[in-house]
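# Fold and geometry: a report
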Amino acid sequence: MAFTLQSVMDAAGTDLNDPASGGRWSATDRLSFCNDGLAMAKSLRPDLFLATLGVDYTALAVDATAPLPDVYKPALVAYVKGRCLKKNTDARNLSEADAQIKFAIEVLKSL
């Protein structure tokens, strides 16, 4: 079953206890982080994107279907969470952000 970028944004917001509207991170930021995560995934695992080589992953819409198998959704959610936390200057959040992004990279490399 395919997943949308909106579902990734919602899952990240839920994990961060940040509502979709009026939260600490805007929908624009979350969408940008989703697209950045897809671009990172493509650079780490180009084999996952062979069917969609010409797609620009910096401009997918909220309702777009992610071009990844469902097994990679947790990695994309973790990446978005990490990027959100990186916007916060609290040192505790920065170490958590690094851990989330590292998890996303490890999942992408290992599956």
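Above this text sits the structure in question.
Since the model is a prediction, treat every value here as computed from it, not as a measurement.

About the thresholds
- Within each chain, residues carry numbers counting from 1 in the order of the written sequence.
- Confidence filtering applies because this is a predicted model: local features only for residues at pLDDT of at least 70, side-chain atom pairs given and counted only at 80 or more, and all residues used for totals across whole chains, interfaces and linings.
- The side-chain figures draw on all heavy atoms in the structure; neither hydrogens nor water molecules are used.
- Only DSSP runs of H or I covering at least 4 residues are called helices, and only runs of E covering at least 2 are called strands; the numbering of each starts at the N terminus.
- In what follows, residue pairs with any heavy atoms lying within 4.5 Å of each other are defined as contacts.
- The criterion is simple. A nonpolar core is a set of buried Ala, Val, Leu, Ile, Met, Phe, Trp, Tyr and Cys residues joined through side-chain atoms within 4.5 Å.
- Burial status follows relative accessibility: with a 1.4 Å probe on protein chains alone, a residue under 20% of its type maximum counts as buried, one over 50% as exposed, and anything between as partly exposed.
- Whenever a helix is involved, its axis is fitted only over the stretch in contact; in every case the axis is a line through C-alpha atoms, and angles between N-to-C directions fall within 0 to 180 degrees.
- Roughly parallel here means an angle under 35 degrees, roughly antiparallel means over 145, roughly perpendicular means 65 to 115, and every remaining angle is called oblique.
- Each helix crossing is assigned a hand: it is left-handed if the near helix lies turned anticlockwise from the far helix by less than a right angle, otherwise right-handed if that turn is clockwise.
- Picture the helix axis, draw a direction to every C-beta atom, and the arc is the one those directions span.
- By salt bridge we mean one thing: a side-chain nitrogen of Lys or Arg within 4 Å of a carboxyl oxygen of Asp or Glu.

Moving on, we come to the side chain of Asp18. Mapping Asp18 onto the fold places it in the loop between α1 (5-15) and α2 (27-44). Dropping the residues within four chain positions of it, Asp18 is found in contact with Gly13, Gly23, Arg24, Trp25 and Arg30.

Counting residues in each nonpolar core, the largest one holds 34 residues, and the members touching the most others are Leu5, Val8, Leu38, Leu68 and Val80. Counting residues per element, this core draws most heavily on helix α3 (residues 73-86), which supplies eight residues. Ignoring anything within four residues of it in the chain, the contact list for Leu38 reads Leu5, Phe49, Tyr57, Leu60, Pro67, Leu68 and Leu76.

Counting through the fold element by element, Leu5 comes out in helix α1. Judged by relative accessible area, Leu5 falls into the buried class, the value being 0%. Distance in space between the C-alpha atoms of Leu5 and Asp47 is 20 Å, their sequence separation being 42 residues. Among all residues touching Leu5, those that are not within four sequence positions of it are Leu31, Cys34, Asn35, Leu38, Leu60, Ala61, Val62, Ala64, Ala66 and Leu76.

Before going further, it helps to examine the packing of α1 against α2. Contact geometry of α1 with α2 gives a least axis separation of 10 Å together with a crossing angle of 115 degrees. As summarised for this structure, α1 and α2 are arranged roughly perpendicular, according to the angle between their axes. α2 is crossed by α1, and the crossing has right-handed handedness. The residues of α2 that touch α1, namely those facing Leu5, Val8, Met9 and Gly13, are Ala27, Arg30, Leu31, Cys34, Asn35 and Leu38.

Buried residues of α1: Leu5, Val8, Met9, Ala12 and Gly13, and no others. Across the axial projection of α1, the buried residues extend over an arc of 130 degrees, all falling on one side. Across α1 from its buried face, at more than 90 degrees, point the exposed residues Thr14 and Asp15. Among the structural elements, α2 and α3 are those in contact with the buried residues of α1. Once α1 finishes, Asn17 follows within two positions and takes phi at roughly 55 degrees, a positive value.

Here we come to the pattern of salt bridges. Taken as a whole, this structure holds seven salt bridges when the rule is applied. Here Asp15 makes a salt bridge to Lys81, at a shortest N to O gap of 3.1 Å. Linking Asp15 in helix α1 with Lys81 in helix α3, this pair joins segments that are 66 residues apart in sequence. Accessibility expressed as a relative area gives 51% for Asp15, which makes it exposed. What makes Lys81 buried here is its relative accessible area of 13%.

The topology assignment puts Ala12 in helix α1. Judged by relative accessible area, which is 1%, Ala12 ranks as buried. Separated by 44 residues in sequence, Ala12 and Asp56 have C-alpha atoms that sit 23 Å apart. Ignoring sequence-local partners within four residues, the contact set of Ala12 consists of Val77, Val80 and Lys81.

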